[in-house]
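Topology and contacts: notes
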Amino acid sequence: MSLTQDFPPTLREVMLRGRWLAMLALCLVVAGVFAWLGQWQLGRAIDTTPPEPGMTEKVQPLTEVVEPGEYLAEPLVGQRVTTSGTWVPEDFIVVSGRFNDGIAGYWVTGQLRVAERTSIAVAIGFAPTREKADAAASALSSRGAEQAEITGRVISDEGPVVTRDPFDLNRMSPAALLSRWHEIDQLDVYRPYLASAEATAGLDDISSPAPEERSSVNWLNIFYAIEWAIFAGFAFYLWYRLAKDAWEREVEDFEDRRNASAAS
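Residues numbered from 1 in each chain as written. Predicted model: local features only at pLDDT ≥ 70, side-chain atom pairs only at ≥ 80, totals over all residues. Heavy atoms only, no water.

1. A look at the pattern of salt bridges
The tally for this structure, following the rule as stated, stands at eight salt bridges. In this structure, E57 and R153 form a salt bridge, with 2.9 Å as the shortest nitrogen-oxygen distance. With a gap of 96 residues between them, E57 in the loop between α2 (18-45) and β1 (60-61) and R153 in strand β6 (residues 147-155) connect regions that are remote in the sequence. One salt bridge connects R98 with E158, and the closest N-O pair in it is separated by 2.9 Å. Of this pair, R98 sits in strand β3 (residues 93-100) while E158 sits in the loop between β6 and α5 (174-178), and the two are 60 residues apart along the sequence. (Salt bridge = Lys/Arg side-chain N within 4 Å of Asp/Glu carboxyl O. Helix = DSSP H or I, 4+ residues; strand = E, 2+ residues; numbered from the N terminus.)

Written out as structure tokens, the structure is:
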């Protein structure tokens, strides 16, 4: 900058230089990406086709809700379904760590063969003691390959966990039960399980209330959308702040040179 210049550059003059215009263009691109991400999050935040109230209480055929091997969609967790099949006598297994209206106990589960090579895990009923659960499982096994029609709620796999006792199951996990089932060669298995509405073999009914109605608004996604909008605004603020810092340095340099010239 010339020493004979009477005035320092204005902030507007600095911002209109090629370097800062190029940085502004870059900020526009970054802000555009952030705005698109915010719009995408906002689009996911509002469910335009929420399930009808009470939809989970309308009994539907199992095959119309989920297919073997598929994950259960979140809106369908707890959906009341009906299916029929044949029990596999050797596969009535007790699952611990269950609670029924606050009472600790056990579930008796079974493999229900709903088609020739397709099965679903069923929670048949609740027992407050291990002895009662084992007795019910033995009674069910003694009946042989009995036909059954089950109505209940379809619920997502709880996932297996490692325990000290490898023979103790404390999670309702079809994947873990499958490892103990018989005749599983080429078997298709449902990922969720079915909690029967009515117990058999002297067991208590499993307490399985209707799931809470989901809100059509996902507030977490709305929060993310606001975050992206803030990031977009910050991109412009960063450009302004950097340009202003450069302008302030030039003004300081101009004042220093003018003072030095006056002193000489």
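2. Brief notes about the environment of S138
In this fold, S138 is placed in helix α4 (residues 130-142). Sequence separation between S138 and P8 is 130 residues, and the spatial gap between their C-alpha atoms is 95 Å.

3. Description of the side chain of R153
Residue classification places R153 among the buried positions, given a relative accessible area of 7%. At a separation of 2.9 Å, a polar atom in the side chain of R153 contacts the main-chain carbonyl oxygen of G78. Excluding residues that lie within four positions of it along the chain, R153 makes contacts with T56, E57, G78, Q79, R80, Y193, L194, A195, S208, P209, A210 and P211. (Buried < 20%, exposed > 50% of the residue type's maximum accessible area, 1.4 Å probe, protein only. Polar contact = N/O pair within 3.5 Å; in protein donor to acceptor, adjacent residues only side chain to side chain. Contact = heavy atoms within 4.5 Å.)

4. Some words on the pairing of strand β4 (residues 103-115)
As defined by bridge partners, strand β2 (residues 79-87) adjoins β4 across two bridges and the pair is classed as antiparallel. The residue of β4 that forms the bridge with W87 is L112. Bridge analysis of β3 against β4 gives six bridges, and the strand direction is antiparallel. Bridging from a neighbouring strand, V94 pairs with V108 of β4. Relative to strand β5 (residues 118-127), β4 runs antiparallel, the two sharing nine bridges. Paired with R113 across the two strands is S119, which belongs to β5. Between β4 and β5, which pair antiparallel and follow one another directly, the connecting turn spans two residues. (Pairing = 2+ DSSP bridges.)

5. A word on the side chain of T83
Here T83 lies in strand β2. Classification of T83 as buried rests on a relative accessible area of 13%. Setting aside chain neighbours within four positions, we find T83 in contact with L62, L112, V114, A148, E149, I150 and L194.

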